[in-house]
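Chain residues, written in single-letter form:
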Amino acid sequence: MTSSSPLFQPLKVRSLELANRIVMSPMTRSYSIDGVPGDDVAGYYRRRAEGGTGLIVTEGVAIEHETAVDNSRVPRLFGEESLAGWRKVVDGVHEAGGKIIPQLWHVGPLWGAMSKVDPALKPMRPSGEWGPLGTTSYPESYTSWVQEATEAMTEQDIQDVITAFARAARNAIDVGFDGIALHGGHGYLLDSFLWAGTNKRDDQWGGDLERRTRFPVEVVKAIRAEIGEDYPIFYRFSQHKQQNYTARIAETPDELKVILGALADAGVDVFDASIRRFDFPAFEGSDVSLAGWAKKVTGAITMAVGSVGIGKSLRDSRMDGSAPVVDNIPELEKRIGGGEFDLIAIGRLHLADPALASRLRDGAPLPEFVREVHEGSLT
């Protein structure tokens, strides 16, 4: 592989100028004590920038809402200590020549999955339901508890969360981040409005697909109004949910266009299509991936993720303790070079090698994923 590879072509998104198409995919780490990223977190992200990664997307970062933080070790984008910690992270990445954006999230229906929470607080759900259970890695003890019905979000709840997202985005820009990413997939709060399995509302926030899309659209609009026109907004979406791997928000490309088109109109610049294999066909009758269809129906910049350099996903490989290395880099180059999608996010399986971008540029073989190495890569 040479620097002429499609992976090493620059890309500009609003004011964000990327040296290459390799993105560090967001990965929950739980290393920020009391929500404050420390020097170890700053060093972790800086090493990835030093390795040549074009863009770093942080782990999920909590917005300022009482039900947005389900784990005291998840970083936050509010409070003087947390913001000071993020300034160190951002400064370190920039000093190393990298770019970095935070992934803002609210876990919504899955709230409480990582730790014990105040029982007086209710998980935020569009309709008070967790949705139909499918194939999931959650233990039965957790799924039986979390499926208990709770209150649907009120109009005030919805407005409060929209405001909290916008405020977190403002904080991110103020500490020096290069843009904003939103986690709108995997059954988290934004996604739970999109999915018919969790959104049973019959008001302006639910019902048909257009109305189910309104809440994430209003979040994007509020963020765009808050940060202005210079900074890009990335939006992660998915078909599958953590509680149901077979779930879908769009059964056809036309339905996908309704969702993503509205989000693009609201201000999204880049769609991050979260799937378990970057080359997996999204709809019957076509080998185009979910990221490819996102580009087709919106014309926006899109990003793929999933199983780069390996033959099985992390979950599929867990029982064996390792994942077979496969040379799917030529397929990746073909799809990016052919314009199917524009960026590739690489995460969990190769984080043990911060210089992954350099390895790819030099044509060195990708390291085999071994479970112990993956667990050690958190540092």
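A quick note: this is a predicted structure, and the numbers were derived from the prediction, not measured.

A. Region of the structure containing the overall build of the protein chain. When its secondary structure is counted, the protein chain shows 13 helices and 12 strands. Out of the 379 residues in the protein chain, the part that is buried amounts to 58%. Across the protein chain, every contact between residues at least 6 apart in sequence was considered, and the portion connecting residues at least 24 apart equals 73%. Total accessible area computed for the protein chain in this model is approximately 14,900 Å², and 48% of it derives from carbon and sulfur atoms.

B. Focus on the packing of aromatic side chains. In this structure the tally under the stated criterion is 10 aromatic pairs. Aromatic pair W130 and Y138: ring centres 6.5 Å apart, planes at 55 degrees, arrangement tilted. The residues W130 and Y138 share a single accessibility class, namely buried. Here the aromatic rings of Y138 and Y142 are separated by 4.9 Å at their centres, their planes lie at 45 degrees, and the arrangement is tilted. Exposure class is identical for Y138 and Y142. Each is buried. Grouped by ring-pair contacts, the aromatic residues Y44, Y45, W86 and F177 constitute a single cluster. Over the ring of Y31 we find R29; its NZ or CZ atom is 4.6 Å from the centre of that ring.

C. Up close: the environment of E331. With respect to the helices and strands, E331 occurs in helix α11 (residues 329-337). You can call E331 partly exposed: its relative accessible area is 22%. Sequence separation between E331 and V308 is 23 residues, and the spatial gap between their C-alpha atoms is 9.8 Å. Contact partners of E331, with chain neighbours within four places excluded, come to F278 and D279.

D. Region of the structure containing the environment of N328. With respect to the helices and strands, N328 occurs in the loop between β10 (322-323) and α11. Residue classification places N328 among the buried residues on the basis of a relative accessible area of 11%. A sequence separation of 19 residues divides N328 from G309, and the C-alpha atoms of the two residues are 5.7 Å apart.

E. Local environment of helix α4 (residues 155-175). If you check α4, its first and last C-alpha atoms are 31 Å apart, about what 21 residues at 1.5 Å a residue would give, namely 30 Å. Taken together, the buried positions of α4 are I158, V161, I162, A164, F165, A166, A168, A169, N171, A172, I173 and V175. Where α4 is buried, its residues touch α2 (80-95), β5 (100-105), β6 (180-183), α5 (189-194) and α7 (214-227). Just beyond α4, the residue with positive phi is G176, at close to 110 degrees.

F. Structural context of the side chain of R21. Summarising the element assignment, R21 is placed in the loop between β2 (16-18) and β3 (22-24). For the buried R21, no salt bridge exists, and the shortest N-O distance to an oppositely charged side chain is 4.5 Å, to D342. Side-chain polar atoms of R21 contact the backbone oxygen of Q9, separated by 2.9 Å. Setting aside residues up to four positions removed in sequence, R21 forms contacts with P6, L7, Q9, P10, L11, I336, D342, L343 and I344.

Cut-offs and rules
Residues numbered from 1 in each chain as written. Predicted model: local features only at pLDDT ≥ 70, side-chain atom pairs only at ≥ 80, totals over all residues. Heavy atoms only, no water. Helix = DSSP H or I, 4+ residues; strand = E, 2+ residues; numbered from the N terminus. Buried < 20%, exposed > 50% of the residue type's maximum accessible area, 1.4 Å probe, protein only. Contact = heavy atoms within 4.5 Å. Areas by Shrake-Rupley, 256 points an atom, 1.4 Å probe, with all protein chains shown as cover. Phe/Tyr/Trp six-rings, centres within 6.5 Å; stacked < 30°, edge-to-face > 60°. Lys NZ or Arg CZ within 6 Å of the ring centre and 35° of its normal. Expected span 1.5 Å × (residues − 1). Lys, Arg positive; Asp, Glu negative; His and termini not counted. Salt bridge = Lys/Arg side-chain N within 4 Å of Asp/Glu carboxyl O. Polar contact = N/O pair within 3.5 Å; in protein donor to acceptor, adjacent residues only side chain to side chain.

Shape is all these values report; function is a separate question.
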